[in-house]
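# Chains, contacts and geometry: an overview
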Amino acid sequence: MPIPSENCHVLVNARIFTGDSTKAEPFEGEILIRDGRIAATGKTVTQPKGCALTDCGGRLVTPALIDCHTHLVYGGNRAREFQMRLEGASYAEIAAAGGGIVSTMKATRGASVDELVETALPRLDSLLAEGVATVEIKSGYGLSVEAELNMLRAARRLQTMRPVRIRTTWLAAHALPPEFRDDRRGYIDSVVLPGMEAAKAEGLADAVDGFCEHLAFTAEEIAQVFDKAATLGLPVKLHAEQLSWQGGAALTAARGGLSADHLEYMTEADAKAMAAAGTVAVLLPGAFYMLRETQQPPVQALRDHGCTIALATDANPGTSPLMSLLLAMNMGAVLFGLTVGECLHGTTGAAAQALGLGAETGRIAPGLSADLAIWNAADPAELVNPMGFNPLHTRYFKGRTV
């Protein structure tokens, strides 16, 4: 397949999944790309004079994939905790013993921005190699103002080193560091809120997140974080109802949040509220798998109420060391019962919506960025069914092959 260099080119002989819905029924058609954006798509498109022509050979063309929930930037690793879980320790027990997020905090605080970038880059490259063009990266392991800011500085720098769109999220309300173990209010007032303001001022935060859980922060505490985000004009999202029901999903919906993520213990009322608010349900099967959970998110309730469902890797050092969005799709199908169309929509159009990027990427539609993936496959099921196999042929980012 030739690599077009002109500002205008046409993809022909393609099987196109647009990313607009969960229907896994690609159509045979063409895509016109001009100046980095999709200019037209359909059974046939008008081919302007001088446009380069790319014959896709009947291959499947989808929007480039989007990983809408990751923790790619961090120091150290937690492979030892994996061994502890295999030996019977629970997530809460590991955290109580000084492991979990606090373990990663120590390594992250000890790393420079350069070192954080160096260790994150191979993880990012793993995603990009599978046709990903947009990645969300959270803070949440520094747990001090400067360390949290350094995480987001590293995330921003990654975008200058690779052809990728990075969205950054302030997640200082992730855990309590040891120095604030007995001063929850002090941590929120001294780190979470002023740090958020500093991140906004430095242009480091696109959104704000928190961990609403019995071993993290209460819904009341998260509401204070959301209040501050509102004053700064930052959209919100939330780790909610992962290990227990805490009311986080309903709070996020009430605040018009972009997404609530995990959701194993959400209720039907939560699903109804999220659907009404347009809050996306981001499912994270990697964490479910690694923690060997048995409580599945109520997928049918989400469907019944018309709640948009997205999928992501939750790539992180402890509970979801998953750097493959293709494998996350397979897990979403096998573990949660999602259809092929739900998996692919969940990593394209729905994932873009979860990041507030629905008008920019995630779909093959006129006016959107020409972020595309061409696969050595003809049917969407060929992306979801295999495990450990990458059928990517070509990735486009803003109209250019990369």
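Being a predicted model, the structure only gives us computed values, none of them experimental.

## Details of the domain arrangement of the protein
Once the domains are mapped, the protein shows domain 1 (8–64 + 362–401) and domain 2 (65–354). Each of domain 1 and domain 2 has a C-alpha centre, and the two are 29 Å apart. Each partner contributes to the interface: domain 1 provides 29 residues, whereas domain 2 provides 26 residues. Between domain 1 and domain 2, roughly 2000 Å² of surface is buried when both sides are summed, and carbon and sulfur atoms account for 68% of that area. It is Val384, Arg395 and Phe397 in domain 1 that bury the most area against domain 2; as a group they hold 30% of the surface buried on that side. Run the count over domain 1 and domain 2 and you get one salt bridge. The partner of Arg165 in a salt bridge is Asp371, with the nearest N and O atoms 2.9 Å apart. Along the contact surface separating domain 1 from domain 2 lie nine residue pairs in polar contact (both at pLDDT 80 or more). Contributions of two or more residues to the side of domain 1 that touches domain 2 are made by β5 (60–63), β14 (372–375), α15 (381–384) and β15 (392–397).

## Considerations on the layout of surface pockets
The space that makes up the largest pocket amounts to roughly 430 Å³. As for the largest pocket, its lining consists of 25 residues, of which Ala95, Val102, Ala175, Leu176 and Leu215 are closest to the centre. Within the residue set of the lining of the largest pocket, elements represented by two or more residues are α1 (79–86), α2 (91–96) and α3 (101–109). For the lining of the largest pocket, the element with the most residues is α2, which contributes four residues. Residue composition of the lining of the largest pocket, grouped by class: 14 nonpolar, five polar and six charged.

## Observations concerning the sheet that holds strand β10 (residues 237–240)
One open sheet holds the eight strands; their spatial order is β6-β7-β8-β9-β10-β11-β12-β13, and the pairing between them is parallel. Whereas interior strands pair on both sides, the edge strands pair on one side only; in this sheet they are β6 (65–67) and β13 (309–311). Sheet twist, expressed as the mean angle between neighbouring strand axes with direction ignored, is 25°. Direction of pairing for strand β7 (residues 132–138) relative to strand β8 (residues 165–173): parallel, over a ladder of five bridges. Among the inter-strand pairings, Ile137 is bridged to a residue of β8, identified as Thr168. Here helix α4 (residues 113–128) sits on the sheet in contact with β6, β7 and β8, set at roughly 140° to β7.

## Here we look at unusual backbone geometry
You will see that Leu143, though not glycine, has its phi angle at about 60°, which is positive. Of the residues examined, Leu143 reaches a relative accessible area of 0% and is grouped as buried. Not every positive phi belongs to a glycine, and Arg292 is a case in point at roughly 55°. Structurally, the position occupied by Arg292 is in the loop between α10 (285–290) and α11 (299–304). By relative accessible area, which is 55% here, Arg292 ends up exposed.

## Digging into the packing of aromatic side chains
Inspection of the entire model under this criterion finds four aromatic pairs. Geometrically, the ring pair formed by Phe288 and Phe336 is edge-to-face, given 5.1 Å between the ring centres and 75° between the ring planes. In this pair, Phe288 sits in helix α10 while Phe336 sits in helix α12 (residues 325–336), placing the two residues 48 residues apart along the sequence. Across this residue pair, the class does not change: Phe288 and Phe336 are buried. Grouping aromatic residues by their ring pairs yields a cluster made of Phe180, Tyr187 and Phe217. Across the ring face of Tyr74, the terminal group of Arg123 is positioned such that the distance to the ring centre comes to 3.6 Å.

## Focus: the UniProt feature "binding site: Fe(3+)" (unreviewed entry) in the protein
UniProt records the feature "binding site: Fe(3+)" (unreviewed entry) for His69, His71, His239 and Asp314 in the present numbering. Judged by maximum C-alpha separation, these annotated positions cover 246 residues in sequence but sit close together in space, the widest gap being only 12.3 Å. Structurally, His69 can be placed in the loop between β6 and α1. A distance of 3.2 Å separates a polar atom in the side chain of His69 from a polar atom in the side chain of His71. The buried category is assigned to Asp314, whose relative accessible area is 2%. Apart from residues no more than four positions distant in its own chain, Asp314 is found in contact with His69, Thr70, His71, His262, Leu284, Ala287, Thr319 and Ser320.

## A closer look at α3
For an α-helix the count is 3.6 residues per turn, leaving residues at separations of three or four pointing the same way. Every buried residue belonging to α3 is among Ile101, Val102, Thr104, Met105 and Thr108, and all of these are buried. With its buried residues spanning 155° around the axis, α3 presents them on a single face.

## Re the state of the cysteines
Counted by the stated rule, this structure contains one disulfide. Here Cys8 engages in a disulfide with Cys51; their sulfurs sit 1.6 Å apart. Separated by 43 residues along the polypeptide, Cys8 in strand β1 (residues 8–16) and Cys51 in the loop between β3 (37–42) and β4 (52–55) bring together distant segments of the chain. For Cys51, a relative accessible area of 17% corresponds to the buried category. With no disulfide of its own, Cys212 lies closest to Cys307 among cysteine sulfurs, the gap being 17 Å. Judged by its relative accessible area of 0%, Cys212 falls in the buried class.

Quick notes on the rules
- Residues numbered from 1 in each chain as written.
- Predicted model: local features only at pLDDT ≥ 70, side-chain atom pairs only at ≥ 80, totals over all residues.
- Heavy atoms only, no water.
- Domains from an automatic or database assignment.
- Contact = heavy atoms within 4.5 Å.
- Buried area = accessible area lost by both parts, 1.4 Å probe.
- Salt bridge = Lys/Arg side-chain N within 4 Å of Asp/Glu carboxyl O.
- Polar contact = N/O pair within 3.5 Å; in protein donor to acceptor, adjacent residues only side chain to side chain.
- Helix = DSSP H or I, 4+ residues; strand = E, 2+ residues; numbered from the N terminus.
- 1 Å grid on protein atoms, 1.4 Å probe; cavity = no way out; pocket = protein on both sides within 12 Å on 5 of 7 lines; lining within 4 Å.
- Points joined across faces, edges and corners; volume = space filled by probe spheres on them.
- Nonpolar A, V, L, I, M, F, W, Y, C, P; charged D, E, K, R; others polar.
- Pairing = 2+ DSSP bridges.
- Axes fitted to C-alpha atoms, helices over the stretch in contact; angles between N-to-C directions.
- Buried < 20%, exposed > 50% of the residue type's maximum accessible area, 1.4 Å probe, protein only.
- Phe/Tyr/Trp six-rings, centres within 6.5 Å; stacked < 30°, edge-to-face > 60°.
- Lys NZ or Arg CZ within 6 Å of the ring centre and 35° of its normal.
- UniProt positions renumbered as here; feature names shortened; annotations may be inferred.
- Arc of directions from axis to C-beta.
- Disulfide = S-S within 2.5 Å.

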